[in-house]
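Structure at a glance
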Amino acid sequence: MRERSVVGVVCGLLVLLGALLTGCQSPSGGVAEGGRLGEPATGRTATVSPVPTRPSGYGAVFLAVGECSSFGTTSFTEVPCTGERAAARVVTRHDGTVRDGPRCPAATDFVLHISEQRPASDEDGDGAVPQGYACMRNLQPPHPGDPGGGGGPRTIVGDCVYGSGDGQVRETACDGTGRRKPQYKVVRAVAERSDCPVPTVLYVRLGGKRPVGCARPL
């Protein structure tokens, strides 16, 4: 009989405790607006939305300065510079076309032309990509944009060229490893042809503030 009476007392205490807890709840069943207990609820609940953030570095802007691309000049993707697929780094990045925009730096190895992209649905947060171009520098040698390297989008002092016919010249490697042997070397860039040194036999169009390249025979 003693065990039954103890159980009955415990049950009574649990019922009383439940009643007290029920009486402490607000009419809305939660915390009133403003975070204070005991005030009538307004029927509105505060919803906290996470602030959308764009990733910094890789992926924040498509092929931004300092980011890297995979191999290829016609088909390429943006990849982490520390990854095994990384081939070249963006030196400068411009919107528009190469013809209308700023020139790439002298040591640029090649140019990536970026087509305009406007996806119907933006699932990855990249957004629309305007038409533009990126001036690229290979992560590893060779560097055709270096003086005498035999390539790159620009002809600079130290490069070698050969005559391709019709008064045109094309760049080739100064060390003779290119398809064509070098015939002339650009030794100076000047504003006017009259500023070239005496041994000059060929004038090469360079562009920029000193658009005339003075080339001597090899």
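Coordinates for the structure precede this section.
Presented here is a report on the structure given in the accompanying data block. (Residues numbered from 1 in each chain as written. Predicted model: local features only at pLDDT ≥ 70, side-chain atom pairs only at ≥ 80, totals over all residues. Heavy atoms only, no water.)

1. With respect to the overall build of the protein chain
Looking only at helices and strands, one finds one helix and ten strands in the protein chain. For the protein chain, the α and β elements follow one another from N to C terminus as α-β-β-β-β-β-β-β-β-β-β. Of all 218 residues assigned to the protein chain, the portion counted as buried reaches 27%. Residue pairs at least 24 apart in sequence account for 43% of intrachain contacts in the protein chain once pairs closer than 6 positions are excluded. (Helix = DSSP H or I, 4+ residues; strand = E, 2+ residues; numbered from the N terminus. Buried < 20%, exposed > 50% of the residue type's maximum accessible area, 1.4 Å probe, protein only. Contact = heavy atoms within 4.5 Å.)

2. Side note on the nonpolar core
If you look at the biggest cluster of nonpolar residues, it comprises ten residues: L63, F76, A88, V90, F110, L112, I114, V129, A134 and M136. Elements with a contribution of two residues or more to this core: β3 (88-95), β4 (110-114) and β5 (132-138). Among the elements that make up this core, the one with the highest residue count is β4 (three residues). In this structure, V90 is in contact with L63, A64, V65, G66, E67, A134, C135 and M136, ignoring residues within four places of it in sequence. (Core = buried A, V, L, I, M, F, W, Y, C linked by side-chain atoms within 4.5 Å.)

3. Thoughts on unusual backbone geometry
Working note: non-glycine residues mostly have negative phi, and peptide bonds are mostly trans. The step from P141 to P142 runs through a cis peptide bond, and the omega angle for that step is 5°. Of note in this structure, L63 is not a glycine but carries a positive phi near 50°. Inspection of the secondary structure assignment puts L63 in the loop between α1 (2-23) and β1 (68-69). Using a relative accessible area of 0% as the deciding quantity, one classes L63 as buried.

4. Considering the environment of D159
Within the element layout of this structure, D159 appears in the loop between β5 and β6 (160-165). A distance of 2.9 Å separates a polar atom in the side chain of D159 from the backbone nitrogen of I156. (Polar contact = N/O pair within 3.5 Å; in protein donor to acceptor, adjacent residues only side chain to side chain.)

Any functional reading would require information beyond the geometric quantities listed.
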